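Structure at a glance
Below are the chains, spelled out letter by letter.
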Amino acid sequence: MRSVTHQHSAQPDPAQDAPRVGPPKKSAVGLPAVLNSVRQVGEHAGVRRGVPAMLAVNQKRGFDCPGCAWPEPERRHRAEFCENGAKAVAEEATARALTSGFFAEHPVAELAGRSGYWLGRQGRLTEPLYLAEGATHYEPVTWDRALDLVAEELRGLDSPDEAVFYTSGRTSNEAAFCYQLFARALGTNNLPDCSNMCHESSGSALTETLGVGKGSVSLEDVHQADLIIVAGQNPGTNHPRMLSALERAKRSGARIITVNPLPEAGLRDFRNPQTARGLIGRGTELTDLFAQIRLGGDLALFSAVNRLLLEADQRGEEVLDRAFVDRHTHGFEEFSRELLAEPEEEFWPRVERATGLDRELVERLTQMVTASERIVVCWAMGLTQHKHSVPTIREVVNFLLLRGNVGRPGAGVCPVRGHSNVQGDRTMGIFERPADAFLDALGAEFGFEPPREHGWDTVDSIRAMAEGRVRVFFAMGGNFVAASPDTLVTEDAMRRVDLTVHVSTKLNRSHVVTGTRALILPALARSDRDLRDGRPRWVTVEDSMGMVHASHGVLPPLSEGMRSEVDIIRDLAARVLGESPVAWSTLADYDRIRDHVEAVVPGFEDFNARARRPGGFTLPHAPRDDRRFPTATGLANFTVNGRHAPEVPEGRLLLQTLRSHDQYNTTIYGLDDRYRGIHDGRRVVLVNPDDARELGLADGDYTDIVGEWHDGRERRAPHFRVVHYPTVRGCAAAYYPETNVLVPLDSTAEVSNTPTSKSVVVRFEADSGAAAV
């Protein structure tokens, strides 16, 4: 093995509970984003590694950014990445290497007291590490020893369902396919993934109403739209390249409605760094109408717009696409009858309470709708992480169906997936509730009978671990402990597992909250070259709009001790199951894997040839391509979605967890949230000034945030600085993962079982002064 040298972090673990606070920005991106990108790349990767990586990211012959899943345009800039993409690649391409010397210096108990920010900055993992029962330190082991330990534990299970196989979104299509094949050949469908915690509500609602649990639009549809509604989403921080698409649409005549509890700089004044105009500080005002909505009020808003459209139709106005409704949909009469049944004197006061919006604004919004021929609705976690998220998204579909805005250019549903290839992993079979057709095809291809009983999603896996029903927890990427709800419950559950195994690139919280024994297996990253017998191998990913394309790593790995995810899976599977029914050794050839995918997954015909085309290919989507709806009725389904909205007791606020601009999911790149005016700290809670004054909270006070849930368990996030901020009344916001401790494990969305991280009832108590990690 080539030797590598650990480079200690240049800085100690900084305090995160005394931030500097200034006014929020009114514009986003521009020259500051460019300068920050350059600084990040230089600090982490240096010129020799950083420049080649950034020139290859998101290029047709390069590698897919490990950040968000926003698609690339056909014609690409030489620098086809955003500031957050630069941060993600810079951290991944770092020249800092972690070796056994670091772990000899730092016991696990000490590392558990460090912040996730500090852990992530220590460098790339370079060799397998083992924490024996009762041991205080991780120690290096050979790959053979590490995989034998896992294989021995898996072979000794009383039932395959005593194992859980978790997946992060960054896993490639090839690795995901092999991973689910291994789990099912072992005999379990326990395949939770990060989708369970974010867009599961979207998939549930879209599968029921349209027959396909994915978005129906292409990037070109966004460019061609007359009206784009961006609901419960902050592209400026979470998907910055989306702003360029919105700008292009705006310059082609589109109007944009933003529906959000917080004003977000990126949706106000976008300064495109790819243009000279943007670099000198001249931007594009993206939002034409800002609907500053109460958390959880989106169902009421879309119901109100739909009711206005139905009432206009009854008056004889031609606002509905009657030909589309009659030919392609089911359930319109019941939907219409139920939505119009509530007396107007009850309906509008309820809508105004739920949304915080007055009727005049809703009517203005509806006028923009009726003036638009082609409409796209985009959404993200702001819609998917409430108890009534599935009904909300079904109501969004109702809205689009009324005017025929599914299956034509410039229109459709656009759930914006957060993590690169999280959608591809689901396509490859990472799902605890697989369709029978997928299992039939998988079994026919490999000659075995896959398990049919549904497995556990993320929430149910935590419950099973807490009850002692899981002996092996295996994670393919991600940071399960930090990403999951109810942090203390999740950590206690993880400690009850016999063996925890993490395939990872960087150190994170999940490596220091372990089972009785633990393994860390170092994996190649997207940017790393993947060589076998001196020949490069490449993988594929699927973006948020169903485009599948190749990803070629370009950087020499820091250590020969790193392995590809595919090689880790197939080597382990062969040790556990032998070479029958799956010839695991043949899967070292990724073309062979893609041949198997072609045989199992619809839409992947001639996979190898099409994936080799620059830019890849688009998967079929029946509603978009043919206005064909593979639902139970064979039509697009209107649905009746009730009158749900969060109830908040007096003296309490409704809290949403969100990202800062210096993070991506649980990875913390820095301690600033530049657009919101927060610097040098993350333990802040954003509260409307009027709410704060009523609660006796001055700007700059420190407080404990206490979650309220009916199970009697105290959930407390201590020592948060109060920031008076222009949030909507009755609602507050704070960063995750620090506030995941407040999200009850048993508070989940109906149907999808997604944690309700955007609607947590909280109160404020005197500061205990003890900031948690």
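Every value quoted in this text rests on a predicted model; they were computed, and no experiment measured them. (Residues numbered from 1 in each chain as written. Predicted model: local features only at pLDDT ≥ 70, side-chain atom pairs only at ≥ 80, totals over all residues. Heavy atoms only, no water.)

Running from N to C, helix 7 (residues 143-155) and helix 26 (residues 565-577) cross one another at 50 degrees; their axes reach a closest spacing of 9 Å. By the criterion of interaxial angle, the relationship of helix 7 to helix 26 is oblique. You can see that helix 7 and helix 26 cross each other, and the crossing is right-handed. For the pair helix 7 and helix 26, contact is made by W143, D144, L147, D148, V150, A151, L154 and R155 and by I568, D571, L572, R575 and V576, respectively. A breakdown of the residues in the contact of helix 7 with helix 26 according to their chemical character gives eight nonpolar, no polar and five charged. (Axes fitted to C-alpha atoms, helices over the stretch in contact; angles between N-to-C directions. Helix = DSSP H or I, 4+ residues; strand = E, 2+ residues; numbered from the N terminus. Parallel < 35°, antiparallel > 145°, perpendicular 65-115°, else oblique. Left-handed = near helix turned anticlockwise from the far one by under 90°. Contact = heavy atoms within 4.5 Å. Nonpolar A, V, L, I, M, F, W, Y, C, P; charged D, E, K, R; others polar.)

A word on the packing of aromatic side chains. For the coordinates displayed, the defined rule picks out 20 aromatic pairs. With 6.3 Å between their ring centres and 45 degrees between their planes, F177 and F446 make a pair best called tilted. Taken together, the residues span a long stretch of sequence, with F177 in helix 8 (residues 173-186) and F446 in helix 22 (residues 436-446) at a distance of 269 residues. For the pair F177 and F446, one class covers both residues: buried. Each ring, one from F604 and one from F617, has its centre 6.0 Å from the other, and the planes form 85 degrees; the classification is edge-to-face. You can see F604 sitting in the loop between helix 27 (590-600) and helix 28 (607-611) and its partner F617 sitting in strand 23 (residues 617-618), a full 13 residues away along the chain. Assessed through its relative accessible area of 5%, F617 is described here as buried. Every member of this aromatic cluster is reached through a ring pair, and the members are F165, Y179, F182, F474 and W584. Positioned above the aromatic ring of F617, the side-chain terminus of R610 is 3.9 Å from the ring centre. (Phe/Tyr/Trp six-rings, centres within 6.5 Å; stacked < 30°, edge-to-face > 60°. Buried < 20%, exposed > 50% of the residue type's maximum accessible area, 1.4 Å probe, protein only. Lys NZ or Arg CZ within 6 Å of the ring centre and 35° of its normal.)

Time to look at a nonpolar patch on the surface. A cluster of nonpolar side chains, contributed by L31, L35, L279 and I280, occupies part of the molecular surface with about 390 Å² of accessible area. By secondary structure assignment, the location of I280 is in the loop between helix 13 (276-279) and strand 11 (284-285). Classification of I280 as exposed rests on a relative accessible area of 65%. (Patch = residues over 30% accessible without salt bridge, like charges linked within 9 Å, V, L, I, M, F, W, Y side chains within 5 Å. Areas by Shrake-Rupley, 256 points an atom, 1.4 Å probe, with all protein chains shown as cover. Salt bridge = Lys/Arg side-chain N within 4 Å of Asp/Glu carboxyl O.)

Moving on, we come to empty space enclosed by the protein. Taken as a whole and judged by the stated rule, the model has four cavities of 30 Å³ or more. Approximately 230 Å³ is the volume found for the largest cavity. Lining the largest cavity are 18 residues, and of these L524, A525, R526, D530 and V539 lie nearest its centre. Of the residues assigned to the lining of the largest cavity, the class counts are seven nonpolar, five polar and six charged. Taken together, N58, C65, G67, C68, F81, C82, N84, G85, N238, P240, R241 and Y664 form the lining of the second largest cavity. For the lining of the second largest cavity, a count of residues per class yields six nonpolar, five polar and one charged. (1 Å grid on protein atoms, 1.4 Å probe; cavity = no way out; pocket = protein on both sides within 12 Å on 5 of 7 lines; lining within 4 Å. Points joined across faces, edges and corners; volume = space filled by probe spheres on them.)

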